[in-house]
Amino acid sequence: MQAQQNRLTALDALRGIAALGVVLFHYLPYYHKLYGHDFSVPSFLDFGRYGVHLFFMLSGFVIFMTLERTRTARWFALARAFRLLPALWAAIALTFLSVHWLGPADRAVGPGSALLNMTLLHEYLDHPHVDGAYWSLVIEATFYVWIALLFYGLNSWQRLRPVFWLWTAISYIGVLWWKSIPDTLDFLVKDLLFVRYAPLFISGMLIFRWYKYSKPPAADITLLALTIGHCLIAYKAPYNLFVLSCYGLFILASAGYLNILSRPGILWLGSISYTLYLLHQNIGYGMIRLSYQIGLPGPAGVAIALITALGLASAVHYGVEKPALSAFRRWRVLRVDSTQ
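As a starting point, this report considers the structure included with it. Please read these numbers as outputs of a predicted model, since none were measured by experiment.

Overview of the overall build of the protein chain
In step 1: If you tally the helices and strands in the protein chain, you get 13 helices and 0 strands.
In step 2: Of the regular secondary structure in the protein chain, the N- to C-terminal order runs α-α-α-α-α-α-α-α-α-α-α-α-α.
In step 3: Over its C-alpha trace the protein chain gives a radius of gyration of 20 Å, about what one expects of a compact globule, namely 20 Å for 340 residues.
In step 4: Based on the C-alpha atoms only, the size of the protein chain along its principal axes is roughly 60 × 55 × 45 Å.
In step 5: A separation threshold of at least 6 residues defines the contact pool for the protein chain, and within that pool the share at least 24 residues apart is 75%.
In step 6: Accessible surface, the protein chain as shown: approximately 15900 Å² in total, 66% of it carbon and sulfur.

Okay, structure coming up:
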């Protein structure tokens, strides 16, 4: 049991490293592309954008673990809502206020769009993100709906496996013929089935089963190989090789070979990774912009933005995210006890 716990903390550490990579990508090469820095930005930081892909792998792993210990779709939906929404709502409020106060003006959205962001349906209704990083949350939420319907509807891995084979096949076809997808299928294939990213989630679920049962059947190993191979055609070189290396790290961590990453600082970063992801981008852009306006050099502005993002992420994690989860767990125990 202790060995398994060490492997799970190594995955938490990977989540923290991935979050930091995304933050540095947004603050350095992406900010430079959008607004310009007064210093040279290392090109290798462009790889940081693909930290999100590691998040998707980890989500597949964690969600399947959650599903297996959650009795009904209702409890699963409530657990996901309490996990995602309180921190998201706090982040939306802080980001909305920050952008309207500090800018950048081109990142501002109206109050109606901000309210719709709270439902994670805004992208489907053609409303902008309060923070650009929220695009991945829409995909996460869509994945949760699909996996709950499939898991509780089919109720066995033997029935789920053909669905994941089909989804993987559609994902290959979708990325290979991306520009040729008919308009009538565009929304289904690109948005509802998110074919650029679905194999990342599916591979995470397969790696969880490998982690849990040790000896996966040949069908699962073959499907895992296909889901991993999808990244080689879904993303341009050399970024596809970077995603492939993320798979390698993920598998090594889940197998217990990266427990060295389970250090207090990295694990703390992993614990606040969700709130850091929610809060960092537009608030950080505002801080960098303000720093330039008052005459500070670019690296100082980036450092101030990073410190601000870490501080706000910690505040929302400890002040909103954790209390909400604790309250839900207490309430769930009371509800379960009252029905027994």
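Comments concerning the side chain of Ser 291
In step 1: One can find Ser 291 in helix H12 (residues 273-293).
In step 2: Residue classification places Ser 291 among the buried residues on the basis of a relative accessible area of 5%.
In step 3: In contact with Ser 291, other than residues within four places in its own chain, are Leu 296, Gly 301 and Ile 304.

Comments concerning a nonpolar patch on the surface
In step 1: Judged by side-chain polarity, Ile 173, Leu 176, Trp 177, Leu 232, Ile 233, Leu 241 and Leu 244 come together as a nonpolar surface patch covering roughly 660 Å² of accessible area.
In step 2: Of all the elements in the fold, those that place two or more residues in the nonpolar patch are helix H6 (157-176), helix H9 (218-234) and helix H10 (239-254).
In step 3: Structurally, the position occupied by Leu 176 is in helix H6.

Observations concerning the layout of surface pockets
In step 1: Looking at the largest pocket, its volume works out to about 1400 Å³.
In step 2: Arg 15, Val 62, Arg 80, Arg 83 and Arg 329 are the residues nearest the centre of the largest pocket, which is lined by 43 residues in total.
In step 3: Among the elements of the structure, helix H1 (2-34), helix H2 (51-68), helix H3 (73-102), helix H5 (135-154), helix H11 (264-271), H12 and helix H13 (298-338) are those that each provide at least two residues to the lining of the largest pocket.
In step 4: Of the residues forming the lining of the largest pocket, the biggest block, 10 residues, is contributed by H2.
In step 5: In this structure, the second largest pocket spans a volume of roughly 510 Å³.
In step 6: Residue lining of the second largest pocket: 20 residues in total, with Arg 49, Tyr 50, His 53, Trp 135 and Tyr 197 positioned closest to the centre.
In step 7: Residue assignment for the lining of the second largest pocket shows that the elements contributing at least two residues are H1, H2 and H12.
In step 8: Top element by residues in the lining of the second largest pocket is H1. It accounts for 4 residues.

Examining the environment of Glu 68
In step 1: Mapped onto the secondary structure, Glu 68 falls in helix H2.
In step 2: With 83 residues separating them along the chain, Glu 68 and Phe 151 place their C-alpha atoms 9.0 Å apart.
In step 3: Apart from residues no more than four positions distant in its own chain, Glu 68 is found in contact with Phe 151, Phe 208, Arg 209, Lys 212 and Tyr 213.

Points about the packing of H2 against H5
In step 1: Relative to each other, H2 and H5 sit at 30°, their axes nearing to 11 Å. If you check the angle between H2 and H5, you find them roughly parallel. Once H2 is placed against H5, the crossing between them reads as right-handed. Note on element contacts: H5 touches H2 through Trp 135, Ser 136, Ile 139, Glu 140, Phe 143, Tyr 144, Ile 147, Phe 151 and Tyr 152, opposite Val 52, Phe 55, Phe 56, Ser 59, Gly 60, Ile 63, Phe 64, Leu 67 and Glu 68.
In step 2: Across the contact of H2 with H5, the residue classes break down as 13 nonpolar, 3 polar and 2 charged.

What to know about the packing of aromatic side chains
In step 1: Summed over all chains, the structure comprises 34 aromatic pairs.
In step 2: Arranged with centres 5.8 Å apart and planes meeting at 70°, the rings of Phe 194 and Phe 201 form a pair that is edge-to-face. Neither residue differs from the other here; Phe 194 and Phe 201 are each classed as buried.
In step 3: One Lys or Arg, Arg 80, reaches over the ring of Tyr 144 and ends 5.4 Å from the middle of that ring.
In step 4: Over the ring of Trp 178 we find Arg 196, and its NZ or CZ is 3.9 Å from the ring centre.

Here's the deal with the nonpolar core
In step 1: By size, the foremost hydrophobic cluster in this structure holds 98 residues, and its most contacted members are Phe 61 and Phe 164.
In step 2: A total of 12 residues in this core trace back to one element, the largest contributor, which is H1.
In step 3: Aside from chain neighbours lying at most four places away, what touches Phe 164 is Ile 147, Leu 150, Trp 157, Ile 202, Met 205 and Leu 223.

Rules behind the numbers
Residues numbered from 1 in each chain as written. Predicted model: local features only at pLDDT ≥ 70, side-chain atom pairs only at ≥ 80, totals over all residues. Heavy atoms only, no water. Helix = DSSP H or I, 4+ residues; strand = E, 2+ residues; numbered from the N terminus. Rg over C-alpha atoms; globule rule 2.2 N^0.38 Å. Contact = heavy atoms within 4.5 Å. Areas by Shrake-Rupley, 256 points an atom, 1.4 Å probe, with all protein chains shown as cover. Buried < 20%, exposed > 50% of the residue type's maximum accessible area, 1.4 Å probe, protein only. Patch = residues over 30% accessible without salt bridge, like charges linked within 9 Å, V, L, I, M, F, W, Y side chains within 5 Å. Salt bridge = Lys/Arg side-chain N within 4 Å of Asp/Glu carboxyl O. 1 Å grid on protein atoms, 1.4 Å probe; cavity = no way out; pocket = protein on both sides within 12 Å on 5 of 7 lines; lining within 4 Å. Points joined across faces, edges and corners; volume = space filled by probe spheres on them. Axes fitted to C-alpha atoms, helices over the stretch in contact; angles between N-to-C directions. Parallel < 35°, antiparallel > 145°, perpendicular 65-115°, else oblique. Left-handed = near helix turned anticlockwise from the far one by under 90°. Nonpolar A, V, L, I, M, F, W, Y, C, P; charged D, E, K, R; others polar. Phe/Tyr/Trp six-rings, centres within 6.5 Å; stacked < 30°, edge-to-face > 60°. Lys NZ or Arg CZ within 6 Å of the ring centre and 35° of its normal. Core = buried A, V, L, I, M, F, W, Y, C linked by side-chain atoms within 4.5 Å.

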